[in-house]
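Observations on chain architecture
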Amino acid sequence: MPLLKSLFCQQGFDNRQRFSSIVAVSTVSYFILSAMFNNTIVSIIALLLAAVAISMSAYRRANDAKKKYTPFIVGGSAYFLFGMLPLFVLSYLAYIPFIASIGFLLSLLTYPSSPVKSYIMGYSGPVDLASLKNESAATSKSRIEPTLAGAPNANVTMNISHSEEQQYIVKQHDNTLADNDLGVKIREILVRYKLQMAAGIAIVIVAMVSVSFINNSETSDSTPLIVEEEPVIESSIDRQHMLNMPDDFTLYASQYNGLIINWQADEQQDGVYWQQLTLEGDNSCKEITFNNGDTVRPIEVFIENTTDYFAHFSPLDTQNLLKQIAFRGKFTLCGYEFSLKGSQSALGRHPYYADKVDY
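For the structure given in this document, a descriptive report is provided here.

Scoring rules and cut-offs
Residues take numbers from 1 onward in each chain, read along the sequence in its written order. Owing to the predicted nature of the model, reporting of local features is limited to residues with pLDDT of at least 70; listing and counting of side-chain atom pairs is limited to 80 or more, with chain, interface and lining totals taken over all residues. To get the side-chain values, take all heavy atoms of the structure and skip hydrogens and water. Between Lys or Arg on one side and Asp or Glu on the other, a salt bridge is scored when a side-chain nitrogen of the former is within 4 Å of a carboxyl oxygen of the latter. Each residue's exposure class comes from its accessible area (1.4 Å probe, protein chains only) as a fraction of the maximum for that residue type: buried when under 20%, exposed when over 50%, partly exposed otherwise. We count a stretch as a helix when DSSP gives it H or I for four or more residues in a row; a strand needs E for two or more, and each element gets its number in order from the N terminus. Two strands qualify as a pair provided that DSSP identifies no fewer than 2 bridges between them. Only heavy atoms matter for contacts: two residues are in contact if any of them lie within 4.5 Å across the pair. Fitting a line to C-alpha atoms yields each axis, with helices limited to the stretch in contact; the angle taken between N-to-C directions then spans 0 to 180 degrees. If an angle is under 35 degrees, it is roughly parallel; if it is over 145, roughly antiparallel; if it lies from 65 to 115, roughly perpendicular; otherwise it is oblique. Crossing handedness is defined as follows: a turn of the near helix away from the far one that is anticlockwise and smaller than a right angle gives a left-handed crossing, while the clockwise case is right-handed. Gly is placed with the polar residues, together with every amino acid not listed as nonpolar (Ala, Val, Leu, Ile, Met, Phe, Trp, Tyr, Cys and Pro) or charged (Asp, Glu, Lys and Arg). Paired rings are identified among Phe, Tyr and Trp, the last through its six-membered ring, by centres lying within 6.5 Å, and are further divided according to the angle between planes into stacked (under 30 degrees), edge-to-face (over 60) and tilted (the rest). Lysine NZ or arginine CZ positioned within 6 Å of the ring centre and within 35 degrees of the ring normal marks a charge as sitting over the ring. The definition used for a disulfide is geometric: two cysteine sulfur atoms within 2.5 Å.

A word on the pattern of salt bridges
This model, assessed by the stated rule, comprises four salt bridges. Where arginine 18 meets aspartate 14, a salt bridge forms, and the shortest distance between an N and an O atom there is 2.9 Å. By relative accessible area, which is 6% here, arginine 18 ends up buried. Take aspartate 14: its relative accessible area is 0%, and that puts it in the buried class. Notably, a salt bridge pairs arginine 239 with glutamate 304, separated by 2.7 Å at the nearest N-O pair. With arginine 239 in strand β3 (residues 239-244) and glutamate 304 in strand β10 (residues 300-304), this pair connects stretches of sequence that are 65 residues apart.

Structure, rendered in structure tokens:
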């Protein structure tokens, strides 16, 4: 397919419109595939394909602008490496280096194409995209000048005149490009105020880190509420070591060191909501599923006070569950989704759970 070949072509040129489209489509496709499959391996493969397509386009865009391509190939590699950070670091701060790498690559948009070339879908090179070009573009072809019979010198004169006219047009284009090009003006502004912009970016990053640290500290240091009222229907399991987690759910440990997850949701009848022994109840509660695809089956899900859900797990699964809660991004249970942002910090500050997390 010619269009696909042009995306990975090592020769030729990309104009600014094509380069920006490739960066945008590749990045959006990566995020969509990651969300659809929710699998780390698939996400890495999608990120790698996006990085290769962007790097090749950056190479052609740099050649098109008559700039050294090496820094932008390095930028494409940084796009891949920094893009993996959010897959393993459960914090929005992990996106900052990734966004910075995209910003560096997009600096190529501030350089105009030089000299003027004939583009098809923003590409000029050895791959033939003529079949994708609209018929209306045929008018851009150079017209064939008529030649008087027996007068070869006249033809030579007209060809020379046409060549000189083209050179004059190109020269005039280059002379006025810097004055009229928005990208050039943006680059000049960035260079002029680079110290002020660097200071502003540094302040924003420090503020984001500070807010994240404060939020995690407040969540970890909060005193658990003591439940004084007895439920209408009690479970036979004794709940100990209460720990409120960031996303509106609570951890307990049973007297047998089995983990218990508690949250509030829609009103239901008190009692057993799902049970592994009989496999009866709401099937959405038959397992807890983490964002990496790992699952663990609870012993039972119990409802108290019509809105308090308690999912009881076997002591054999406690260490695995705490590791998943500490290092994954989210989980679903009984049709409800919970974020695990800040969970590692919360577990690490509790004397009971901190020793049980396997690092």
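Considerations on the sheet that holds strand β13 (residues 336-339)
Strand order in the open sheet made by the four strands is β9-β8-β12-β13, with antiparallel pairing throughout. The sheet terminates laterally at β9 (295-296) and β13, the two strands that pair on one side only. Relative to β13, strand β12 (residues 330-333) runs antiparallel, the two sharing four bridges. Its bridge partner lying in β13, lysine 330 is registered against serine 339. Contacts from helix α10 (residues 318-327) reach β8 (288-290) and β9, with the element oriented near 45 degrees to β8.

Some thoughts on the packing of helix α3 (residues 40-64) against helix α4 (residues 70-83)
Viewed as axis vectors pointing N to C, α3 and α4 meet at an angle of 165 degrees, and their least axial separation amounts to 8 Å. Viewed along their axes, α3 and α4 adopt a mutual orientation that is roughly antiparallel. Note that α3 runs across α4; the crossing there is right-handed. Here α3 contributes Ile44, Leu47, Leu48, Ala50, Ala51, Ile54, Ser55, Ala58, Tyr59 and Ala62 to the contact with α4, which in turn contributes Phe72, Ile73, Gly76, Ser77, Tyr79, Phe80 and Gly83. Of the residues belonging to the contact of α3 with α4, the class tally is 13 nonpolar, four polar and no charged.

Points about the packing of aromatic side chains
What characterises a pair of aromatic rings is the spacing of the ring centres plus the angle enclosed by the ring planes. Counting across every chain of the model gives 17 aromatic pairs. Seen from their ring centres, phenylalanine 72 and phenylalanine 104 are 5.2 Å apart, and the 20 degrees between their planes marks the pair as stacked. Of the two residues, phenylalanine 72 is situated in helix α4 and phenylalanine 104 in helix α6 (residues 95-106); the sequence distance between them amounts to 32 residues. On the accessibility criterion, phenylalanine 104 (36% relative accessible area) is partly exposed. Among the aromatic residues, those joined into a cluster by ring pairs are Phe249, Trp263, Tyr273, Phe290, Tyr309, Phe331, Tyr336 and Phe338. Here the basic side chain of arginine 239 rests over the ring of phenylalanine 310, its NZ or CZ set 3.6 Å away from the ring centre.

Comments concerning the state of the cysteines
Inspection of the entire model under this criterion finds one disulfide. Here cysteine 285 engages in a disulfide with cysteine 334; their sulfurs sit 2.0 Å apart. Here cysteine 285 and cysteine 334 share a disulfide; its torsion about the S-S bond, 130 degrees, makes the bridge right-handed. Of the two residues, cysteine 285 is situated in the loop between β7 (280-281) and β8 and cysteine 334 in the loop between β12 and β13; the sequence distance between them amounts to 49 residues.

Remember, this is a structural readout, not a statement about activity or role.
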